[in-house]
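Examination of the molecular architecture
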Amino acid sequence: MKRIILSVSLLIFSLSGTAFAQTETSGREKIYKATHTKKTELKHTKLKVNFDYQKEEMNGEEWLTASPYFYPSDSLVLDAKGMLIHEVAMDRGGSKLPLKYQYSNNLLTINLDKTYSQNQDYTVYIKYTSRPNVVDQQGSPAKGLYFINSDGKDPDKPTQIWTDGESEFSSVWFPTIDKPNQKTTQEIYMTVPDKYITLSNGILKESQKESGNMRTDHWVMEKRHAVYLFFMGVGEYSVVKDKWKDVPIDYYIEKEYEPYARQIFGNTPEMMEFFSKKLNYDYPWPKYSQITGRDYPSVAMENTTATLHNMGVLQKPGQLIDENRWEEYIAHELFHHWFGDLVTSESWSNLTLNESFANYSQYLWNEYKYGKDQADYHLMSNINKYISNPSEFKKDLVRFSYDSPEDVFDVVSYEKGGGILHMLRNYLGDDAFFAGTTDFLKTYEYKNAEAQQLRLSFEKISGKDLNWFFNQWYYGNGNPKLEYSYTFEPVKKQVEVFINQSQEVPFEFPLAIDVYDNGNPTRYNVWVNARAKNTFSFNASGKPDLININADGILLSEITEKKTAEQNLMQFTHSKEFLSRLKALVGIKDDLSNPASVKLLSAALKDPFFRIRIKALEILDLTNTYQNKNLATEVEKLAVNDPRTLVQAAAISALVKTKNKKYLPVFEKGIGAVSNAVKTNSLLAIIATDPSKTKTLTDKIDLSEASKDVLIKMLPIVVQNKIDSQMKYTVPIVAFYPLIKPNNPELGKAAEEGFNMIMESDNIAATEGITRILDNAKAQMVKTPEIKKAIYNMLESGLNKKNELLKNNPQKKESINKQITALKQILEMYK
């Protein structure tokens, strides 16, 4: 998934709209990024490694088997970032023939002993030292190999090692041809302290005890896969075992979360069964493991058979009872084992073959497991992420111009790409769409492919020419921006609907239109041609009560429309599709005094889909006498009895606006709930209703597992009441207050006050929390000069406050000096 989005960054995105995971230049015309020219074909990679924890380095030996790809060659050029190269030789049955080589600019050029021809294999031996911190100092956005708390000095963090190769960072820890169109089998011998568990791709073949309480594990991957998918993980984990058919499934999890491993990951076997059947292609690898990495800055990474998740996957019952917030990512990474790992994009320009499919797998899983409403909610949320980022509109899905491969990992490749696949599925029909994906997988299994080859598989199966679709959605950019109007001709008894496209380049597409005649909708599926104006005629007994375009919610588009409360009520009442119901509900928010709006809210509170109920609770206002009279009883029922705890929590938030103390028993009961959402909203409700209880209640609540939404709600209360014990949990917000403040002044002000409170106090946990988060975010933050400067100024101000604190509290110099040192180190990174 390689989304360089920290959990903290997800927070910043949602608050400020600052999308620093991609650059503004990635959509501009630049030098054409051709697929890497294959001069050499990698065949097998054998590694023997051990780790220097104090230096944060890795000692490695490599036996790399390769051959010329087509043309004869007497040299081998490998990517090797920041390494020390000690020895290069030709390996001939165990004997070594020294070879001449040159190493500069992170390239290792080896002069072979002779000229080799296609399929004439040779094995080169390389002894080297991997130095990931050198790569980091060279300005790389990623280190490839990560040592976590390697000196063991942080009592709150385990010692771990993990790797992250995407896009081209496997070459930080072993010399290779670090391009997505290179695939190889592998084996890795990892020598580690015996107390640690290891994980790598493939199967653990053997484990050998060594002297000095060490152990060597031998991992083997017998199927070819891309070098960026190579993985090593080392640390103290509990391993919870599961399986699908004869495929072992393991969950590598920190001991504290072992009791909840099956709640977190337990749907994996069912996902594997579902995807195998849906794709008509069984899971193709010998095992599947999932592991967590401390300080991992991306969301997750689909290393073949060994997915790495960041700490956001770790949840406890209070979170899981509300919603497993990581389940879609678990599905996403598993699906990559077909799209990305089995068939791999031949270049980063074609990343859509990896990420758009993995994104769409989240829709498929939701549809199967939780129903179409939940899937459509996911789709809408995804499309909104794209629509709310106009700077992305000029980017093609298949993008041959970009500054860095990381630029392509954006809302176009992920969210928009998933929406595009949904349109293609609905155009072709399920049978043809999934038969096409099966053909694509079987044709290019263990190989690389590009988007045109995907088109050819769908055309082969369906018999339809799809150039029109791929040209505008894959090799073009933007989306339809629609306005519509209609007239009724009483003599002909026909309604004419006029569809206008306002974007620069018109699109062509199928469109679902619901025409409401005497209160009942009739669905018409029409074809909109690629021109600015299209007109469609339909029979009707009278002037339509309502026209609803994109009624099925499939078209990825922006639609300008204005409907009355009565029309929205009609649309909500008669629509089966989630998006039409939600748009009708949202459509009344500026006309809540209308009786039709209250009727709609009443219906929405009883909607079978919990997200609709939540949205209704967010929109309604029980301080309004008419709404209170008609809705308060139902809201109170939801607060107490709704089967979804997130709805209960939203209902409690709706009730508290009344400031009516009769609801205090509901709130007090909620304080004892398992659900974090119910517990937090109940706490906030009691504080709002009876402020005298603020400090006592706030000091007791556990924010260690708090979600983004909970932190946002609690931060002002924690800061205003100076609850020092809770400040360390607020750092994901306060560390980024300069980015929040311009877009959300109220929250930004509370975050700034929180930051200053931490800097003006001897709070080592909170201070180090800030420096740790900013260290993890550094690679992305420094890309934008304005953001880098804002964070630098914030840190400089904080350092001045710490120095003043030391001056006034010399008796605490040991603790405060430690905080000052940490601030100076992170300040230097942002200089």
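The structure this text deals with has already been given above.
Computed from a predicted structure; not experimentally measured.

**Overview of the overall build of the protein chain**
In terms of helices and strands, the protein chain carries 28 helices and 29 strands. A compact globule built from 831 residues would reach a C-alpha radius of gyration of about 28 Å, and the protein chain, at 29 Å, matches this within 12%. With respect to the principal axes defined by its C-alpha atoms, the protein chain has extents near 90 × 80 × 50 Å. Scored against the burial criterion, the 831 residues of the protein chain give a buried share of 58%. For the protein chain, the separation between the mean place of its 102 positive charges and that of its 105 negative charges on side chains is 2 Å.

**Some details on the sheet that holds strand 17 (residues 247-253)**
With mixed pairing, the five strands of this open sheet are ordered in space as 16-17-18-20-19. The open sheet is flanked by strand 16 (238-244) and strand 19 (300-301), the only strands paired with a single partner. Pairing geometry for strand 16 and strand 17, over seven bridges, is antiparallel. Within strand 17, the position partnered with K241 by the bridge is D250. In this fold helix 6 (residues 327-335) packs onto strand 18 (288-292), strand 19 and strand 20 (306-309), with an angle of close to 145° to the strand it touches most, strand 20.

**Side note on the nonpolar core**
Of all hydrophobic cores here, the largest spans 157 residues; its most connected members are F51, I110, V124, W338 and Y474. Here the element with the most residues in this core is helix 9 (residues 412-428); it accounts for seven residues. Not counting chain neighbours up to four residues away, the residues in contact with I110 comprise D74, S75, L76, L78, V88, L99, K100, Y101, V124 and I126.

**Some points on the packing of helix 26 (residues 764-781) against helix 27 (residues 785-808)**
Close contact between helix 26 and helix 27 brings their axes to 12 Å; oriented N to C, the two are set at 160°. Judged by the angle between their axes, helix 26 and helix 27 are roughly antiparallel. Crossing geometry of helix 26 relative to helix 27 is assigned as left-handed. Touching T767, L774 and M781 of helix 26 are I787, K788, I791, M794, L795 and K802, all from helix 27. For the contact of helix 26 with helix 27, a count of residues per class yields six nonpolar, one polar and two charged.

**Topic: the packing of aromatic side chains**
Considering all chains together, one arrives at 50 aromatic pairs under this definition. Between Y32 and F400, the ring centres sit 5.2 Å apart and the planes meet at 25°, which makes this aromatic pair stacked. Pair noted here: Y32 is in the loop between helix 1 (7-16) and strand 1 (40-52) and F400 is in the loop between helix 8 (372-387) and helix 9, with a separation of 368 residues, a long-range link. Judged by relative accessible area, which is 53%, Y32 ranks as exposed. Owing to a relative accessible area of 25%, F400 belongs among the partly exposed residues under this scheme.

**Describing the pairing of strand 7 (residues 107-116)**
The pairing of strand 3 (residues 73-79) with strand 7 spans six bridges and is antiparallel. When the bridges of strand 7 are listed, L78 appears paired with L108. As judged from the four bridges shared by strand 6 (residues 101-104) and strand 7, these two strands associate in the antiparallel manner. Across the sheet, residue Y103 finds its bridge partner in strand 7, namely L108. The loop that links strand 6 with its antiparallel partner strand 7 comprises two residues; one of these, N105, has a positive phi angle of about 50°.

**Focus on the environment of Y103**
Positionally, Y103 belongs in strand 6. When the C-alpha atoms of Y103 and L84 are compared, they prove to be 9.1 Å apart, with 19 residues separating the residues in sequence. In this view, Y103 contacts A80, K81, G82, M83, I85 and L108; residues no more than four positions away in its chain are not counted. From its side chain, Y103 meets the backbone nitrogen of G82 in a polar contact 3.4 Å long. A polar side-chain atom of Y103 sits 2.9 Å from the main-chain amide nitrogen of M83.

**A closer look at the sheet that holds strand 27 (residues 533-539)**
The strand order across the open sheet formed by four strands is 27-24-23-29, and the pairing between neighbours is mixed. The sheet is open, and its two borders are formed by strand 27 and strand 29 (558-560), each paired with just one other strand. Here the strands of the sheet are splayed against their neighbours by 30° on average, with no regard to which way each runs.

**Brief notes about the packing of helix 13 (residues 565-574) against helix 15 (residues 595-604)**
For the pair helix 13 and helix 15, the least separation of the axes is 8 Å and the interaxial angle reads 25°. One way to sum up the angle between helix 13 and helix 15 is to call them roughly parallel. For the element pair helix 13 and helix 15, the recorded crossing hand is left-handed. From helix 13, A565, E566, N568, L569 and F572 reach across to helix 15, where they touch A596, S597, K599, L600, A603 and A604. A breakdown of the residues in the contact of helix 13 with helix 15 according to their chemical character gives seven nonpolar, two polar and two charged.

**Re a nonpolar patch on the surface**
Together, Y69, F70 and Y71 make up a nonpolar patch on the protein surface, roughly 390 Å² of accessible area in all. Tracing the chain through its elements places Y71 in the loop between strand 2 (57-68) and strand 3.

**Focus: helix 25 (residues 745-759)**
The first and last C-alpha atoms of helix 25 sit 21 Å apart over 15 residues, in line with the 21 Å expected at 1.5 Å per residue. Considered for burial, the residues of helix 25 that qualify are L747, G748, A750, A751, G754, F755, N756, M757, I758 and M759.

**Quick word on helix 14 (residues 578-586)**
One full turn of an α-helix is made of 3.6 residues, so residues set three or four places apart face in the same direction. Those residues of helix 14 not exposed but buried are F578, S580, R581, L582, A584 and L585. Contacts from the buried residues of helix 14 go to helix 8, strand 28 (546-549), helix 13, helix 15 and helix 16 (610-619).

**Examining the pattern of salt bridges**
Using the criterion set out here, one finds 45 salt bridges in the structure. Of the charged contacts, one joins E254 and R294 as a salt bridge, the two residues approaching to 2.8 Å between their closest N and O atoms. Residue E254 is found in the loop between strand 17 and helix 3 (261-265), and its partner R294 is found in the loop between strand 18 and strand 19; the two are separated by 40 residues along the sequence. Of the two residues, E254 and R294, neither departs from the other in class, the shared state being buried.

**So, unusual backbone geometry**
Residue S167 follows E166 across a cis peptide bond; omega there is 5°. Backbone geometry at N213 places phi at a positive 55°, although glycine is not the residue there. As for its placement among the helices and strands, N213 is situated in the loop between strand 13 (203-210) and strand 14 (214-226). Given a relative accessible area of 66%, N213 falls into the exposed group.

**Things to note about the pairing of strand 26 (residues 520-528)**
Alignment of strand 25 (residues 509-517) against strand 26, held across nine bridges, turns out to be antiparallel. Following the sheet pairing, F509 is matched in strand 26 by V528. Here strand 25 folds back onto strand 26, and the loop between the two strands holds two residues, one of which, N518, carries a positive phi near 55°.

Cut-offs and rules
- Residues numbered from 1 in each chain as written.
- Predicted model: local features only at pLDDT ≥ 70, side-chain atom pairs only at ≥ 80, totals over all residues.
- Heavy atoms only, no water.
- Helix = DSSP H or I, 4+ residues; strand = E, 2+ residues; numbered from the N terminus.
- Rg over C-alpha atoms; globule rule 2.2 N^0.38 Å.
- Buried < 20%, exposed > 50% of the residue type's maximum accessible area, 1.4 Å probe, protein only.
- Lys, Arg positive; Asp, Glu negative; His and termini not counted.
- Charge placed at Lys NZ, Arg CZ, Asp CG, Glu CD.
- Pairing = 2+ DSSP bridges.
- Contact = heavy atoms within 4.5 Å.
- Axes fitted to C-alpha atoms, helices over the stretch in contact; angles between N-to-C directions.
- Core = buried A, V, L, I, M, F, W, Y, C linked by side-chain atoms within 4.5 Å.
- Parallel < 35°, antiparallel > 145°, perpendicular 65-115°, else oblique.
- Left-handed = near helix turned anticlockwise from the far one by under 90°.
- Nonpolar A, V, L, I, M, F, W, Y, C, P; charged D, E, K, R; others polar.
- Phe/Tyr/Trp six-rings, centres within 6.5 Å; stacked < 30°, edge-to-face > 60°.
- Polar contact = N/O pair within 3.5 Å; in protein donor to acceptor, adjacent residues only side chain to side chain.
- Patch = residues over 30% accessible without salt bridge, like charges linked within 9 Å, V, L, I, M, F, W, Y side chains within 5 Å.
- Areas by Shrake-Rupley, 256 points an atom, 1.4 Å probe, with all protein chains shown as cover.
- Salt bridge = Lys/Arg side-chain N within 4 Å of Asp/Glu carboxyl O.
- Expected span 1.5 Å × (residues − 1).

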